[in-house]
Amino acid sequence: GQNIDQPTEMTATEGAIVQINCTYQTSGFNGLFWYQQHAGEAPTFLSYNVLDGLEEKGRFSSFLSRSKGYSYLLLKELQMKDSASYLCAVRDYNQGGKLIFGQGTELSVKP
Amino acid sequence: DTEVTQTPKHLVMGMTNKKSLKCEQHMGHRAMYWYKQKAKKPPELMFVYSYEKLSINESVPSRFSPECPNSSLLNLHLHALQPEDSALYLCASSQPGQGAYEQYFGPGTRLTVT
C-alpha cells in the first residue's frame, strides 16, 4: 500500500525559514509534488522532484531522498501570504500514475 | 492560458435534483480529473480521463456520472445526491502519462446538498 505523512500544523514567524517534512511509502514511486492551497481556493503547483536532491525556485525549495522515502519543502523569508495548507503528493506508477496526497500541513505565519 | 475554469462556483441542490458541474481547459492537456475535497482534508480522486476515455474510477457511487465530450471539456453529472456529498469539487488537467507533468486545478464548485 501507500502512506504519506506530514505534520498537521506548523507555526512560523514572518521573515523566518520553515521546513515542512513529508515521508512516504509507496510501491511504485514516480515523482513527488508539493502544492499550496489557500483556504477556499484551488491547489497551486509549487515543485516537483523525481531524482534525489534539491530543487530551488525563488523562496521555495524542495528536497527528495528516495532511499529514505523523504521530502521537505523549505520556505524562506516567510510572508503573511504564505499562510496556507501545503500538500505533499506522490505519484505511483502502480496505480495508473495517479497522485496520492498527504493530509496537508496547515502553516500559520505570524507577525 | 494556464487556466482551468469551472462552473458554477456554488451550487445548492436537493436530494432529488439533477445537476451538472462543468470544467474547461485550453492548455491542450489530454488528461482531466475530478476530485472531491472536504474541509481540512486533501483532494480525493474520483475520476481520470485520458485522451477522452475514462481511465480511472475510484469506486465512486453511480449517482456521480462523469462525461468528457471533447479534449477541452469535462462534466460531472449529479443525481440523487446525499448530504454527505456536500464538498468542494475540483477539476484538474495535465499532460497524460507519468512525466514531470503537474496538474493544474480549477477554482472548484462548492456543492451543498440539502
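Here, the structure is the one placed above.
Below is a short write-up of the structure.

About the criteria used
- Residues numbered from 1 in each chain as written.
- Chains lettered and ligands numbered in written order.
- Predicted model: local features only at pLDDT ≥ 70, side-chain atom pairs only at ≥ 80, totals over all residues.
- Heavy atoms only, no water.
- Disulfide = S-S within 2.5 Å.
- Helix = DSSP H or I, 4+ residues; strand = E, 2+ residues; numbered from the N terminus.
- Buried < 20%, exposed > 50% of the residue type's maximum accessible area, 1.4 Å probe, protein only.

### Some words on the state of the cysteines
Alright, step 1. Evaluation of the coordinates by the stated rule reveals two disulfides over all chains.
Alright, step 2. Each sulfur of the disulfide joining A:Cys22 and A:Cys88 lies 2.0 Å from the other. Where A:Cys22 bonds to A:Cys88 through sulfur, the torsion about that S-S bond is close to -70°, and the disulfide is left-handed. With a gap of 66 residues between them, A:Cys22 in strand S3 (residues 18-25) and A:Cys88 in strand S9 (residues 84-92) connect regions that are remote in the sequence.
Alright, step 3. By relative accessible area, which is 0% here, A:Cys88 ends up buried.
Alright, step 4. Put simply, B:Cys23 and B:Cys91 are joined by a disulfide, and their sulfur atoms are 1.8 Å apart. Disulfide B:Cys23-B:Cys91: the torsion about the S-S bond is -70°, which places it as left-handed. Of the two residues, B:Cys23 sits in strand S3 (residues 18-25) while B:Cys91 sits in strand S9 (residues 87-94), which places them 68 residues apart along the sequence.
Alright, step 5. By relative accessible area, which is 1% here, B:Cys23 ends up buried.
Alright, step 6. For B:Cys91, a relative accessible area of 0% gives the class buried.

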